[in-house]
Amino acid sequence: MTADETGGAPTIPGTRPTYSGPGRLLVAAYGLLALAATARGVFQLTDHGDEAPLAYALSVLSGLIYGVATFALATDRRRLAWVAVLVEMAGVLVVGAASLAWPQDFPDETVWSHFGQGYGWVPLVLPFLGVWWLVRTRARDGQ
Amino acid sequence: VAGVIPLLVVVVAAAGLALAGWAGWFVARDRAVATIQLKWGAALEVLLVLQALWAGGLLVMGRGDVSGWLFWGYVVTQLLILPLAGLWATAERTRWSSAVLLVAGLTVAFLEFRLWQIWAWA
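Nothing here was measured: the structure is a model prediction, and the numbers come from that model.

With that out of the way, let us pick up the pattern of salt bridges. Taken as a whole, this structure holds two salt bridges over all chains when the rule is applied. Notably, a salt bridge pairs Arg-78 of chain A with Asp-76 of chain A, separated by 3.9 Å at the nearest N-O pair. Look at Asp-76 of chain A and you get buried, because its relative accessible area is 4%. Between Arg-95 of chain B and Asp-30 of chain B there is a salt bridge, with the nearest N and O atoms lying 3.6 Å from each other. Of the two residues, Arg-95 of chain B sits in helix H4 (residues 95–121) while Asp-30 of chain B sits in the loop between helix H1 (4–28) and helix H2 (35–60), which places them 65 residues apart along the sequence.

Quick look at the structure:
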């Protein structure tokens, strides 16, 4: 099956679509995290948003970025995928470190606090898998 | 609250884990998702819809004191998992479609466990 038949964005010649093979599992994992983080963050903000506004806003933000990554990887939009995956990596590393350094500013869990411990470290592992996959599917002679 | 929910929780969680195990076996054997697996997945989805209706009925009758948004957030998310995973898995029939179904089955089972917690703690 070619990329045209699947209805994704036009595939860059010489590259492997990011949604093919192992990419399908990666997209599924990103989609799941997007759903989980967004739903949780929206609930927390609407139900008891004043308790930990920073943590809850970060949950929603991370959910939206996971959503962008899911969309980009599922439709072979490489540039967008790179941005989203790198923002996630920075997010989980910065927020993870900040939640350990200043625990009083994080009275409730976010997806990224403690480096994603509450989500089985998946938020920490995914961006690295994403970078690996984007490099792996890149054309050999560059693009 | 009611006697049926715990039984349903066990059945749904077991079905999710069984579907995941079946898909995992297919991953190991390098096989794509089979149509029969999708049919069993659809059967599980029917169970999930029945559960949502049952829980909704109990709540409407004022039995069960759960945080509505939290409970329905989980219910709706759980209902979305299998159809989305099925569509995504069948678009490319490789072993990775089985891996997607594996994750979906585990997720449904996990969300069922969380639903039970939310209901029981209320």
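From this point on, the discussion continues.
This brings us to the interface of chain B and chain A. Counting residues at the interface gives 13 residues for chain B and 14 residues for chain A. Between chain B and chain A lies a buried interface of about 1,300 Å² when both sides are counted; carbon and sulfur atoms form 75% of it. Considering only the surface of chain B that becomes buried against chain A, Trp-88, Glu-92 and Trp-96 of chain B emerge as the three largest contributors, covering 46% of it. Elements that contribute at least two residues to the side of chain B that touches chain A include exactly helix H3 (68–90) and H4 of chain B. For the side of chain B that touches chain A, the residue count by class is nine nonpolar, three polar and one charged.

Next up on the list: the packing of H2 of chain B against H3 of chain B. All names here are of chain B. Relative orientation of the contacting elements H2 and H3 amounts to 165°, with a least axis distance of 11 Å. Taken together, the axes of H2 and H3 lie roughly antiparallel to each other. Note that H2 runs across H3; the crossing there is left-handed. Here H2 contributes Leu-38, Gly-41, Leu-44, Glu-45, Leu-48, Val-49, Gln-51, Ala-52, Ala-55, Gly-56 and Leu-59 to the contact with H3, which in turn contributes Phe-71, Trp-72, Val-75, Gln-78, Leu-79, Leu-82, Pro-83, Gly-86 and Thr-90. Its residues assigned to classes, the contact of H2 with H3 comprises 13 nonpolar, six polar and one charged.

We now examine the packing of aromatic side chains. Per the stated rule, a full pass over the model turns up six aromatic pairs over all chains. Both rings, one in Tyr-66 of chain A and one in Trp-112 of chain A, keep their centres 6.3 Å apart while their planes meet at 65°; by these two values the pair is edge-to-face. Taken together, the residues Tyr-66 of chain A in helix H3 (residues 53–74) and Trp-112 of chain A in the loop between helix H4 (78–101) and helix H5 (122–136) connect sequence positions 46 residues apart. The exposure classification of Tyr-66 of chain A matches that of Trp-112 of chain A, with both residues buried. Chaining the aromatic ring pairs together yields one cluster made of Tyr-30, Tyr-66 and Trp-112 of chain A. The ring of Trp-88 of chain B has Arg-24 of chain A sitting right over it, with the charged end atom 3.8 Å from the ring centre.

On the surface, Trp-121, Val-125, Leu-129 and Trp-132 of chain A cluster together into a nonpolar patch covering about 390 Å² of accessible area. Note on placement: Val-125 of chain A falls in helix H5.

Another point: the packing of H4 of chain A against H5 of chain A. All names here are of chain A. At a closest axis distance of 9 Å, the pairing of H4 and H5 adopts a crossing angle of 150°. Considering their axes alone, H4 and H5 lie roughly antiparallel with respect to each other. The element H4 and its partner H5 pack so that their crossing is left-handed. Seen from H4, the contacting residues are Arg-78, Ala-81, Trp-82, Val-85, Leu-86, Glu-88, Met-89, Val-92 and Leu-93; seen from H5, they are Pro-123, Leu-124, Pro-127, Phe-128, Gly-130, Val-131, Leu-134 and Val-135. Classifying every residue of the contact of H4 with H5 by side-chain character gives 14 nonpolar, one polar and two charged.

Residues and elements named next belong to chain A. As for its position among the elements, Thr-18 is in the loop between helix H1 (3–6) and helix H2 (22–48). Note on Thr-18: relative accessible area 1%, which makes it buried. Here Thr-18 is in contact with Gly-23, Ala-72, Leu-73, Asp-76, Arg-78, Trp-133, Leu-134 and Thr-137, once residues within four sequence places are set aside.

Core analysis: the biggest nonpolar cluster contains 58 residues, and Tyr-30, Tyr-66, Leu-73 and Trp-112 of chain A together with Phe-71, Leu-82 and Val-108 of chain B have the highest contact counts within it. For this core, the secondary structure elements donating two or more residues are H2, H3, H4 and H5 of chain A together with H1, H2, H3 and H4 of chain B. Those residues within four positions of Tyr-66 of chain A in sequence are excluded, and the remaining contacts are Tyr-30, Leu-33, Ala-34, Glu-88, Val-111, Trp-112 and Pro-123 of chain A.

Cut-offs and rules
- Residues numbered from 1 in each chain as written.
- Chains lettered and ligands numbered in written order.
- Predicted model: local features only at pLDDT ≥ 70, side-chain atom pairs only at ≥ 80, totals over all residues.
- Heavy atoms only, no water.
- Salt bridge = Lys/Arg side-chain N within 4 Å of Asp/Glu carboxyl O.
- Buried < 20%, exposed > 50% of the residue type's maximum accessible area, 1.4 Å probe, protein only.
- Helix = DSSP H or I, 4+ residues; strand = E, 2+ residues; numbered from the N terminus.
- Contact = heavy atoms within 4.5 Å.
- Buried area = accessible area lost by both parts, 1.4 Å probe.
- Nonpolar A, V, L, I, M, F, W, Y, C, P; charged D, E, K, R; others polar.
- Axes fitted to C-alpha atoms, helices over the stretch in contact; angles between N-to-C directions.
- Parallel < 35°, antiparallel > 145°, perpendicular 65-115°, else oblique.
- Left-handed = near helix turned anticlockwise from the far one by under 90°.
- Phe/Tyr/Trp six-rings, centres within 6.5 Å; stacked < 30°, edge-to-face > 60°.
- Lys NZ or Arg CZ within 6 Å of the ring centre and 35° of its normal.
- Patch = residues over 30% accessible without salt bridge, like charges linked within 9 Å, V, L, I, M, F, W, Y side chains within 5 Å.
- Areas by Shrake-Rupley, 256 points an atom, 1.4 Å probe, with all protein chains shown as cover.
- Core = buried A, V, L, I, M, F, W, Y, C linked by side-chain atoms within 4.5 Å.

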